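Chain and residue survey
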Amino acid sequence: MVAAGAVPVSHVPEASLGRTDIEEVAGAELVEDTALAVHAVEQGAPAPLIIRFLDGIQLWKVVYYDGVVPIVRAHVAAAIRRRGADRRLRTAGQAGRDCFVTCVAALRPAVRAALEASGLELVDLPRDEAAQPGRALEAARRAVERARVALEKELGEGCAVRLGTDEWLVVDGLLSESSVLAGHPRTLGVIKSHGAQYFAGPELERALTVPAGHRTSVFRPRGRARHEVYSWYQRLWPWEGNDLLFGLLRVEARAHEHTVRAASRIGAWLGRERAPLATPDARWDRLLYPIHDVETYLKARAPRELLPVPGTRLPQTGT
């Protein structure tokens, strides 16, 4: 197979496969080159002196059932860590939210009263979404995700309007969800998952097999984007011998001709953020170290009872 031109790969953990909730060809319009091309990033291009990194976390688990109605305890948080001339990361903003998520109307009065007396916010789910436990859990997951996205958006937009002329903001996720972030000249969105595809045929192959240290042509994403941005694919580590999506990022930036001219320069300093390695995270190949630092910071301050604990659900014996 290899002699015939196939590329061998190793076992890839599930975390490397990207999102499964989006399976579409969203479409793209090239704004650089007449056909999708591959460009080397400008090795050695200097990074901005000051960069801020934004990320958020969401933690949740079922803590009670009232009959068949699950009651979810959730924690969402977001933070910005600022790195200046001394290269140290310091917290420049943070926000958090703790709540219970359930279908309030389906609870018995005494259970509802106990939840309301807890002092935590109570997020209500529509009754039709709580008819079955499985549907209720999926609805709770979506509610927690919306809360995290809203928190990140609020924190990011507040940071963007205060950015100095020599400062950049790097966001873990989409810029195109916010008009403020999408329109700012010094914000970047870094996307690690690739459930949505923007090309097909030979152009898709070219995009997903871009070599390490290279990027694709800049394009305008179509389909899901709420606000117009420019984007490109960029590879941090060689994928040969690993997996097709190994080390692959998609970057979003302002929809402006300056983005096209600066893409290779931005790609150079962005690529250097892969070091130090973001291990032991399973997504280390696509996780920029400063973003990993933000996640670590947030998890260190999260409620202990919501963090995953390695162990077994097998019944314990007496010996």
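From a predicted model like this one, the values you see are computed outputs, not experimental measurements.

1. A word on the environment of Ile 191
Within the fold, Ile 191 resides in strand β9 (residues 187-191). Ile 191 has contacts with Gly 173, Leu 174, Leu 248, Leu 249, Arg 250 and Glu 252, leaving out every residue within four places of it along the chain.

2. Describing the pairing of strand β14 (residues 248-254)
Most of β14 is tucked away, with seven of its seven residues classed as buried. The pairing of β9 with β14 spans three bridges and is classified as antiparallel. Considered in β14, the bridge of Gly 189 is made with Glu 252. Where strand β13 (residues 229-235) meets β14, seven bridges bridge the pair, whose relative direction is antiparallel. Residue pairing in the sheet places Tyr 230 in a bridge with Ala 253 of β14.

3. Some details on the pattern of salt bridges
Counted according to the given criterion, the structure contains 26 salt bridges. Arg 108 is the salt-bridge partner of Asp 66, the closest N and O atoms lying 2.7 Å from each other. Taken as a pair, Asp 66 in strand β4 (residues 50-66) and Arg 108 in the loop between β6 (89-102) and α1 (109-116) lie far apart in primary sequence, 42 residues in all. Here Arg 73 makes a salt bridge to Asp 98, at a shortest N to O gap of 3.2 Å. Of this pair, Arg 73 sits in strand β5 (residues 69-83) while Asp 98 sits in strand β6, and the two are 25 residues apart along the sequence. For Arg 73, a relative accessible area of 12% corresponds to the buried category. Sharing partners across several salt bridges, the network here consists of Glu 129, Glu 138, Arg 141, Arg 142 and Glu 145.

Rules used throughout
Residues numbered from 1 in each chain as written. Predicted model: local features only at pLDDT ≥ 70, side-chain atom pairs only at ≥ 80, totals over all residues. Heavy atoms only, no water. Helix = DSSP H or I, 4+ residues; strand = E, 2+ residues; numbered from the N terminus. Contact = heavy atoms within 4.5 Å. Buried < 20%, exposed > 50% of the residue type's maximum accessible area, 1.4 Å probe, protein only. Pairing = 2+ DSSP bridges. Salt bridge = Lys/Arg side-chain N within 4 Å of Asp/Glu carboxyl O.

Nothing here speaks to function; it is all geometry.
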